[in-house]
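Read off the chains here:
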Amino acid sequence: MSEPLITLEHVTRTFTVKGQTIKAVDDVNLTIPQGEMLCLVGESGCGKTTTGKMIAGLLPTSAGRILYHGKDIATIAGNDRKAYRLGVQMVHQDPYASLNPTQTIYDILAAPLQHHGFTRGEYETKRRICHLLEIVDLTPPDDFLEKYPHQLSGGQRQRVSVARALTVLPTFIVADEAVSMVDVSIRISLLNMFARLKDEMGVGVLLITHDLALAKYFAWEGRIGVMYLGRLVEIGPARQVVEHPQHPYTQVLLSAIPEADPDATRAKPRVALRSTDMPSLLRLPTGCTFHPRCPVFAGEVCENIVPPLEKANWGSEAACHLVHANES
Amino acid sequence: MAEPTLSVRDLSIVYQARRGQVQAVRNISFDVERGEAVALIGESGSGKTTVGLGLMRLLPATANIIGGSIVYRRYKNGSNSASRETEVLALKGDNLRQFRWRECAMVFQSALNALNPVLRISEHFADTAKAHGYLSGYRQGTALRERSWQLLSMVRLDPERVWRSFPHELSGGMRQRVLIALALLLEPQLLILDEPTTALDILTQRNIMDVLKELRDKLGFSMLFISHDLALAAELADRVATVYAGKIIEVGDVRTIFRRPYHPYTIGLIKAVPTLTSDKSSLVSVPGSPPDLIQLPTGCKFHPRCPLADERSQQEEPALIEVEPGHHVACWHWTHAREALKAYRAET
Ligand SMILES: Nc1ncnc2c1ncn2[C@@H]1O[C@H](COP(=O)(O)OP(=O)(O)OP(=O)(O)O)[C@@H](O)[C@H]1O
Ligand SMILES: Nc1ncnc2c1ncn2[C@@H]1O[C@H](COP(=O)(O)OP(=O)(O)OP(=O)(O)O)[C@@H](O)[C@H]1O
Ligand code: SF4
Ligand code: SF4
Ligand SMILES: [Mg+2]
Ligand SMILES: [Mg+2]
């Protein structure tokens, strides 16, 4: 494996809600090599965005450390700090909220270019902007320069957000997929664009999504991580996680997904949950937090002991008392 | 065979916008049979929601229904001939109010915000009943509660817990189920669901889909789904219609549409959805962007994005014709579109 770009060591993030402390992210460990395509999946509120924000330095950790090229991002200084600040960019979940409505696309992209001294003078700035718009498939670029965000479709706005992130030549992008932005063809072409960025510029991506089929497609050569109530409960090679899920929660998720094939989706065996209610972060279950819903719940051990994330099969790791790596 | 519950013919709807007229729905015709589930699929902005709002006569003031007809047929339980036939576009006042909810109910796209935040769930049921003159008089209290609780259990909610709750105390999926129960309160024969699962989590989506299947088996109403989610259509619909630029361009039985689509756009749409079992290379996105509904392209509205477009496609818009029993397509080249697209993809 190449040198890790980003390392999460026991990363935890708490929030105070109505005077009570909740753990939005709980003891997450993760090593991301350069140029990796990684997906984080899980139900709403499981801590995906919070994790992404901490990686992008937009939110401090409450405990644990995040390293960029081996340096703690909380204490990183000088040139290293600047390299990290520019090197890791986040593309936001909601492209409506994240672009300034009073600025043209040209202004939106010119600001970071000029501020960080990537281009000098209008001619060079414009050339670079046109190039960026071409990279994100907004062509011909001249059609877009003078437009305002509200004159673009959701998918186009998302592309502008990506182009803006690319202005500073990042090595890693955290892309938080909006659930509302569901148009299939737009999504696939956005993801293909990320794949091209990786091939051409070596840019790694953390994609945050609800859609496991999309995650498999996107992270084909990379990994999928599954989060549940703030914890990473499974991580492994994308195709293996989908074809040979190790953790009972991953199995439930996969069996629940409808397929765009009428026969397959109607014949698909479903793994039922013991309870459909998602527990509140304010009253987290003890032991394995999945135990009140787990279809293969194994009694006391699940209720009392937090299962650690350990080596399982098919190159994956899983956090479940019942999952063990086969001897081979 | 009995006549359809709903027959839409040549429905056209426009919006007045500053830049001109938005042709959101153009000459749409389709039927929803008794007890049948039909899905309208298509990309964002293609006019799906506008069709739904038009059927309910709930369009905003800037919209105009410029032509067509919507015939609704009421059936009595167990009877095979319609007891009443209504032209929905001619309904006014009380009759229109009766039609909404009693005959046809809709769960809206932005449903998660559709409940009034200051009213308890119980009050939502009471208000809906009152507004439509349902179960009036002295019996109202207990009978309404009984019926509501029955519906809440049917959508797998715990009535005891939910009844006294305010909307913000419920999760998105719970609110969505409350709305489905509420829509069914007056025993409508047609339920329109606009993106019923789009903003929800996988497990909640699964729950809603199972609930809808169960309800339909038990209560036998017809459903019209409006969604970009092809998987939802694959799982729940009997028939599927593809909408492009305000027009139905293909319609057929769910298996036919997913297995043997003829229209290049439907073929493209299905190819663009990743599935858990599909291979990476089999996925292709539909190139280009949706058309401007104010200045529509000439001829076939898909031609600027269609690899098979020729001169005829650019000049004449193909009509929706029946090419096999029950399978309608609007494309000049439907006979060889699939093979031609395969060859095209192999080349590029
Ligand atoms: N600033 C905040 N203050 C209080 N609680 C927060 C804050 N940000 C997030 N949370 C809580 O932390 C938990 C994790 O939130 P997060 O946004 O990371 O989830 P997510 O996995 O991205 O969900 P979604 O799929 O809905 O986007 C949630 O319970 C959320 O309510
Ligand atoms: N009030 C309005 N005024 C003007 N144009 C409108 C209005 N409402 C919708 N439109 C336009 O009409 C077209 C059809 O919109 P509609 O909401 O029916 O699409 P849709 O297929 O439901 O899309 P989505 O999948 O995004 O919900 C779009 O181009 C939209 O911009
Ligand atoms: S540890 Fe126990 S409760 Fe948790 S996932 Fe494994 S079997 Fe289920
Ligand atoms: S009519 Fe022509 S442009 Fe339209 S879908 Fe068919 S082949 Fe393509
Ligand atoms: Mg999020
Ligand atoms: Mg809509």
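Up top you'll find the structure we're talking about.
Overview of the structure.

### Some remarks on the site of ligand 3
(1) Moving on: Near ligand 3 the following residues occur: His247, Pro248, Cys288, Phe290, His291, Cys294, Val296, Cys302, Pro307, Cys320, His321 and Leu322 of chain A.
(2) Moving on: Across the shell around ligand 3, the residue classes break down as nine nonpolar, three polar and no charged.

### Observations regarding the packing of aromatic side chains
(1) Moving on: Using the criterion set out here, one finds 12 aromatic pairs over all chains in the structure.
(2) Moving on: Between Phe194 of chain A and Phe218 of chain A, the aromatic rings sit 6.3 Å apart at their centres with planes inclined by 85 degrees, giving edge-to-face as the arrangement. Of this pair, Phe194 of chain A sits in helix H8 (residues 184-201) while Phe218 of chain A sits in helix H9 (residues 212-218), placing them 24 residues apart in sequence.
(3) Moving on: The interplanar angle of 55 degrees and the centroid separation of 4.6 Å between the aromatic rings of Tyr244 of chain B and Tyr265 of chain B together place this pair among those described as tilted. You can see Tyr244 of chain B sitting in strand S9 (residues 239-244) and its partner Tyr265 of chain B sitting in helix H10 (residues 264-271), a full 21 residues away along the chain. Neither residue differs from the other here; Tyr244 of chain B and Tyr265 of chain B are each classed as buried.
(4) Moving on: Three or more aromatic residues joined by ring pairs form one cluster here, namely Tyr228, Tyr249 and Phe290 of chain A.
(5) Moving on: Here the basic side chain of Arg312 of chain B rests over the ring of Trp332 of chain B, its NZ or CZ set 3.7 Å away from the ring centre.

### Section: the site of ligand 4
(1) Moving on: Surveying the vicinity of ligand 4 reveals 13 residues, the closest of which are Cys300, Cys306, Ser313, Cys331 and Trp332 of chain B.
(2) Moving on: Among the residues forming the shell around ligand 4, the class breakdown is nine nonpolar, four polar and no charged.

### Looking at the pattern of salt bridges
(1) Moving on: The final tally for this structure, using the stated rule, is 33 salt bridges over all chains.
(2) Moving on: Of the charged contacts in the structure, one is a salt bridge between Arg259 of chain B and Asp263 of chain A, with a shortest N-O distance of 2.7 Å. With one member in each of two chains, Arg259 of chain B in helix H9 (residues 254-259) and Asp263 of chain A in helix H12 (residues 262-267) form a pair that bridges those chains.
(3) Moving on: Residue classification places Asp263 of chain A among the partly exposed residues on the basis of a relative accessible area of 28%.
(4) Moving on: Linking Lys213 of chain B and Glu235 of chain B is a salt bridge whose minimum nitrogen-to-oxygen distance equals 2.9 Å. Of this pair, Lys213 of chain B sits in helix H7 (residues 202-219) while Glu235 of chain B is found in helix H8 (residues 230-236), placing the two residues 22 residues apart along the sequence.
(5) Moving on: Its relative accessible area of 2% is what places Glu235 of chain B among the buried residues.

### Some remarks on the sheet that holds strand S8 (residues 222-227) of chain B
Strand pairing in a sheet relies on backbone hydrogen bonds. The paired strands run either parallel or antiparallel.
Residue and element names in this part refer to chain B.
(1) Moving on: Here we have eight strands laid out as an open sheet, ordered S6-S7-S8-S3-S9-S10-S12-S11, and mixed in their pairing. Of all strands in the sheet, those with a lone pairing partner are strand S6 (104-107) and strand S11 (321-324), marking the two edges. Adjacent strand axes in the sheet meet at a mean angle of 25 degrees when their direction is disregarded.
(2) Moving on: Sitting on the sheet, H10 touches strand S3 (37-41), S9 and strand S10 (247-253), and the angle it makes with S9 is about 105 degrees.

Parameters at a glance
Residues numbered from 1 in each chain as written. Chains lettered and ligands numbered in written order. Predicted model: local features only at pLDDT ≥ 70, side-chain atom pairs only at ≥ 80, totals over all residues. Heavy atoms only, no water. Near = heavy atom within 4 Å. Nonpolar A, V, L, I, M, F, W, Y, C, P; charged D, E, K, R; others polar. Phe/Tyr/Trp six-rings, centres within 6.5 Å; stacked < 30°, edge-to-face > 60°. Helix = DSSP H or I, 4+ residues; strand = E, 2+ residues; numbered from the N terminus. Buried < 20%, exposed > 50% of the residue type's maximum accessible area, 1.4 Å probe, protein only. Lys NZ or Arg CZ within 6 Å of the ring centre and 35° of its normal. Salt bridge = Lys/Arg side-chain N within 4 Å of Asp/Glu carboxyl O. Pairing = 2+ DSSP bridges. Axes fitted to C-alpha atoms, helices over the stretch in contact; angles between N-to-C directions. Contact = heavy atoms within 4.5 Å.

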